[in-house]
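What the coordinates show
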Amino acid sequence: DAMVIQNPRYQVTQFGKPVTLSCSQTLNHNVMYWYQQKSSQAPKLLFHYYDKDFNNEADTPDNFQSRRPNTSFCFLDIRSPGLGDAAMYLCATSSWGTGRSYEQYFGPGTRLTVT
Amino acid sequence: GQQVMQIPQYQHVQEGEDFTTYCNSSTTLSNIQWYKQRPGGHPVFLIQLVKSGEVKKQKRLTFQFGEAKKNSSLHITATQTTDVGTYFCLPLMDSSYKLIFGSGTRLLVRP
């Protein structure tokens, strides 16, 4: 089945220790997103890729970076995690363009704990 | 800038009662999407509304898009325990790829 996969599902890192979260998709969608979701809050968009074009949200901290080496994969790098970065990180994909649906398909998320 | 309000924040109903959540925008939208997130799960797409005044149904769920394309609602008839979760709206604008989910309405259903 076509899907969005996130690894790992649970990640524990130490304060200040860089961490990378990964996302892959078999939907061949041209847009990939990274969201941060804290408890009882809505998902908050960090950035998205439209094909290879990177779009950063204005209020996304510099501590968060992303890479999309090809259509299928996207990575979220947190350079120096702080306690406030503990959250669920959701990857999503979508298909943009004329005649496309724009609905987002979410992966199961990676729950990040910072100790 | 675009302002979206989703209400109520939280609703606790008896199984069999109806439930409605509303999403209101300060600006005209091109379309609006609705998602459901079960406890411990990830958001799942429910529907997209595009046309002014559009009404769509999915079994016990009824989705409406206002005539002015500034507000939308999701109504569940005769709630069941499987409806438990948080319902989010996601307003979309032609002029912007900015994606801001509504704050969500958390639904709890007493069996």
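Definitions and limits used
Residues numbered from 1 in each chain as written. Chains lettered and ligands numbered in written order. Predicted model: local features only at pLDDT ≥ 70, side-chain atom pairs only at ≥ 80, totals over all residues. Heavy atoms only, no water. Patch = residues over 30% accessible without salt bridge, like charges linked within 9 Å, V, L, I, M, F, W, Y side chains within 5 Å. Areas by Shrake-Rupley, 256 points an atom, 1.4 Å probe, with all protein chains shown as cover. Salt bridge = Lys/Arg side-chain N within 4 Å of Asp/Glu carboxyl O. Helix = DSSP H or I, 4+ residues; strand = E, 2+ residues; numbered from the N terminus. Buried < 20%, exposed > 50% of the residue type's maximum accessible area, 1.4 Å probe, protein only. Contact = heavy atoms within 4.5 Å. Polar contact = N/O pair within 3.5 Å; in protein donor to acceptor, adjacent residues only side chain to side chain. Buried area = accessible area lost by both parts, 1.4 Å probe. Nonpolar A, V, L, I, M, F, W, Y, C, P; charged D, E, K, R; others polar. Phe/Tyr/Trp six-rings, centres within 6.5 Å; stacked < 30°, edge-to-face > 60°. 1 Å grid on protein atoms, 1.4 Å probe; cavity = no way out; pocket = protein on both sides within 12 Å on 5 of 7 lines; lining within 4 Å. Points joined across faces, edges and corners; volume = space filled by probe spheres on them.

1. Points about a nonpolar patch on the surface
Residues and elements named next belong to chain B.
- On the surface, a nonpolar cluster with roughly 300 Å² of combined accessible area is contributed by Met5, Ile7 and Tyr22.
- Along the chain, the position of tyrosine 22 falls in strand β3 (residues 19–25).
- By relative accessible area, tyrosine 22 is classed as partly exposed at 40%.

2. As for the environment of lysine 69 of chain B
Residues and elements named next belong to chain B.
- Its location among the elements puts lysine 69 in the loop between β7 (61–65) and β8 (71–76).
- Along the chain, lysine 69 and glutamine 33 lie 36 residues apart, while their C-alpha atoms are 12 Å from each other.
- Apart from residues no more than four positions distant in its own chain, lysine 69 is found in contact with Thr27, Thr28, Leu29, Ser30, Val50 and Ser52.
- Only 2.9 Å separates the side chain of lysine 69 from the backbone oxygen of serine 30, close enough to count as a polar contact.
- There is a polar contact of 2.8 Å between the side chain of lysine 69 and the backbone oxygen of valine 50.

3. Remarks on the interface of chain A and chain B
- In this complex, chain A contributes 19 residues to the contact, which on the side of chain B involves 15 residues.
- Carbon and sulfur atoms supply 60% of the area that chain A and chain B bury against each other, a total of about 1,400 Å² over both sides.
- Of all residues in chain A, the largest losses of buried area upon contact with chain B belong to Glu103, Gln104 and Phe106 of chain A, amounting jointly to 29% of the total for that side.
- Counting across the chain A and chain B interface gives zero salt bridges.
- Listing elements by their share of the side of chain A that touches chain B, those giving two or more residues are β4 (31–37) and β5 (44–50) of chain A.
- In terms of residue class, the side of chain A that touches chain B is made up of eleven nonpolar, six polar and two charged.

4. Here's the deal with the packing of aromatic side chains
All names here are of chain A.
- Tallied over the entire structure, the rule returns 16 aromatic pairs over all chains.
- Ring centres of tyrosine 33 and tryptophan 96 lie 6.2 Å apart, and the angle between their planes is 65°; on these two criteria the pair is classed as edge-to-face. Of this pair, tyrosine 33 sits in strand β4 while tryptophan 96 sits in the loop between β9 (87–94) and β10 (105–106), placing them 63 residues apart in sequence. Here tyrosine 33 and tryptophan 96 have matching classes, each one buried.
- When the centroid spacing of 5.2 Å and the interplanar angle of 75° are considered together, the rings of tyrosine 50 and tryptophan 96 count as edge-to-face. Remark: tryptophan 96 occurs in the loop between β9 and β10 and tyrosine 50 occurs in strand β5; sequence separation between them is 46 residues.
- Take tyrosine 50: its relative accessible area is 24%, and that puts it in the partly exposed class.

5. Quick look at the layout of surface pockets
- Taken as a whole, the largest pocket holds about 530 Å³ of empty space.
- Lining of the largest pocket is provided by 24 residues; of these, Ser39, Ser40 and Gln41 of chain A together with Gln37 and Thr86 of chain B occupy positions nearest its centre.
- For the lining of the largest pocket, the elements supplying multiple residues, two or more each, are β9 (85–92) and β10 (105–110) of chain B.

6. Looking at the pattern of salt bridges
- Within the structure shown, the criterion is met by four salt bridges over all chains.
- Note that lysine 44 of chain A and aspartate 59 of chain A form a salt bridge whose closest N and O atoms lie 3.4 Å from each other. Of this pair, lysine 44 of chain A sits in strand β5 while aspartate 59 of chain A sits in the loop between β6 (53–56) and β7 (64–67), placing them 15 residues apart in sequence.
- A relative accessible area of 32% means that lysine 44 of chain A is categorised as partly exposed.
- For aspartate 59 of chain A, a relative accessible area of 48% translates into the label partly exposed.
- Measuring nitrogen to oxygen at the nearest pair gives 3.6 Å for the salt bridge that ties glutamate 54 of chain B to lysine 56 of chain B.
- Judged by relative accessible area, glutamate 54 of chain B falls into the buried class, the value being 15%.
- Judged by its relative accessible area of 31%, lysine 56 of chain B is partly exposed.

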